[in-house]
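# A closer look at the structure
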Amino acid sequence: MKITKKSQPYFFSLVFLCSLVFQVGGIQLVTAQNAEDPITWGEALLQESEWYKSTEAIRIADNVLLYQHESGGWPKNIDMAKKLSEQKKQLIRTNKSLTNSSLNDITIDNGATISQIKYLAKVYTATERERFKNGVLKGIDYLLQAQYNNGGWPQYYPIRNGYYEHITFNDGAMIGAMQLLRDVANEEKSYSFVDADRKEKSTKAIEKGLDIILKTQVEVDGKLTTWCAQYDRETLEPAAARTYELISLSGSESVGIVYYLMGIEEPDSVIINAINSAVVWFDKVKLTDVRIIEVEKPDLPKGFDRVVGFDPTGESPLWARFYEIGTNYPMFVDREGTVHYALSEIPYERRVGYSWLGNYAEELLEKDYPKWLDRIQ
């Protein structure tokens, strides 16, 4: 993916990001979970292996099967660990039969489908109950069927019109599918029960997916950089999604792509160059001497504001979620699609309602990339 726009010298200053500078020491809002709270769906994948034999694990696995769509996938943003009454279960069955039900919006966005397959695989490995195995195989079939012929994955399948049909790296969608299928192809322990035919199909799927990853790495002035969050399914050109998710280089999703590439056991020179080039870009555009501060403000709707503050230690660099292609300027976008170059310039709702900056590539640059270099040398 080549970009011919003339690249401008990269620079960064506090004024560039924020019109007001706050000293370190603002209050960070932290939500602690009560130890007596029941297990959540987010915690269900993080238990010790013995737990997956438990009555509670099986109850949750049956919930997962209840939500599984006939296509083999799942909808997103549902806590499938919640206890369901018989009345609620019947309501779910009824809603799944309605064409306009959100339970039929099947996706790999936000970890949906991927997390359900992983969970069922853990429970089947622990219990050997056939219904959970069947759920896993049906989920794998869904991922294989959802892949475009060129190797990319859409955000939703069956296809939803609009940006949902783009090849989607956003929120780890395509990489999540490829990681799971790679585990299947490599006969990882949780998927040792998967048949040879599906393993072979998974191998071919990740080969095609790798081809798309390498084709879509953005080149600016003859140098490879990183990736955009989504691409047109036909032209493979960078594409926009929601009004505040414009065409840009991703400082977040690109990290997951690099980790996937580093997980390839015997990378060839093309893959090695893709990784090295991305790391050079990450190092070039990192934002130093700053931090994100959540300042208590009881008069605001969420009780706090999010600002960019000065960090004199400079120990933890940040990266922007979106970078302007060709200039490497961090982009902050309002719901009207207007680009701003300071977090403070976008409306409050967008400022606190989206992840604009984070330490996305810190561990990659400091720990994992150097280990990868040692491994391949």
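Here the structure is shown first, and the text comes after it.
A brief structural summary.

Criteria and thresholds
Residues numbered from 1 in each chain as written. Predicted model: local features only at pLDDT ≥ 70, side-chain atom pairs only at ≥ 80, totals over all residues. Heavy atoms only, no water. Axes fitted to C-alpha atoms, helices over the stretch in contact; angles between N-to-C directions. Helix = DSSP H or I, 4+ residues; strand = E, 2+ residues; numbered from the N terminus. Parallel < 35°, antiparallel > 145°, perpendicular 65-115°, else oblique. Left-handed = near helix turned anticlockwise from the far one by under 90°. Contact = heavy atoms within 4.5 Å. Nonpolar A, V, L, I, M, F, W, Y, C, P; charged D, E, K, R; others polar. Phe/Tyr/Trp six-rings, centres within 6.5 Å; stacked < 30°, edge-to-face > 60°. Buried < 20%, exposed > 50% of the residue type's maximum accessible area, 1.4 Å probe, protein only. Salt bridge = Lys/Arg side-chain N within 4 Å of Asp/Glu carboxyl O.

### Some details on the packing of helix 3 (residues 55-67) against helix 5 (residues 114-127)
Contact geometry for helix 3 and helix 5: axes closest at 10 Å, N-to-C directions at 135 degrees. If you check the angle between helix 3 and helix 5, you find them oblique. The handedness of the crossing between helix 3 and helix 5 comes out as left-handed. Contacts from Ala57, Ile58, Ile60, Ala61, Val64 and Leu65 in helix 3 reach Gln116, Tyr119, Leu120, Val123 and Thr127 in helix 5. Counted by class, the contact of helix 3 with helix 5 contains 9 nonpolar, 2 polar and no charged residues.

### Focus: the packing of aromatic side chains
Per the counting criterion, the structure on display carries 17 aromatic pairs. When the centroid spacing of 5.4 Å and the interplanar angle of 70 degrees are considered together, the rings of tryptophan 281 and phenylalanine 282 count as edge-to-face. This pair shows no difference in class: tryptophan 281 is buried, exactly as phenylalanine 282 is. Here the aromatic rings of tryptophan 281 and tyrosine 323 are separated by 5.0 Å at their centres, their planes lie at 80 degrees, and the arrangement is edge-to-face. Residue tryptophan 281 is located in helix 10 (residues 269-285), and its partner tyrosine 323 is located in strand 10 (residues 322-323); the two are separated by 42 residues in the primary sequence. With relative accessibility at 4%, the residue tryptophan 281 sits in the buried group. Look at tyrosine 323 and you get buried, because its relative accessible area is 0%. Within the aromatic cluster, the residues linked to one another by ring pairs are Tyr244, Phe322, Phe332, Tyr354 and Trp356.

### A short note on unusual backbone geometry
Look at the link from tyrosine 157 to proline 158: it is a cis peptide, with omega at 0 degrees. Locating proline 158 in the fold gives a position in the loop between helix 6 (130-146) and strand 2 (167-168). Even without a glycine there, the phi angle at asparagine 77 is positive, about 60 degrees. Looking at the secondary structure, you find asparagine 77 in the loop between helix 3 and helix 4 (86-96). Of the residues examined, asparagine 77 reaches a relative accessible area of 61% and is grouped as exposed.

### Let's talk about the pattern of salt bridges
As enumerated under the stated definition, the model contains 23 salt bridges in all. One salt bridge in this structure joins arginine 321 and glutamate 253, with 2.8 Å as the shortest N-O distance. Highlighted residues: arginine 321 in the loop between strand 9 (319-320) and strand 10 and glutamate 253 in helix 9 (residues 253-262), separated in sequence by 68 residues. With respect to class, arginine 321 is no different from glutamate 253; both count as buried. A salt bridge links glutamate 294 to arginine 306; its shortest N-O distance comes to 2.7 Å. Here glutamate 294, found in strand 7 (residues 290-296), pairs with arginine 306, found in strand 8 (residues 304-310); they are 12 residues apart in sequence, far enough to count as distant.

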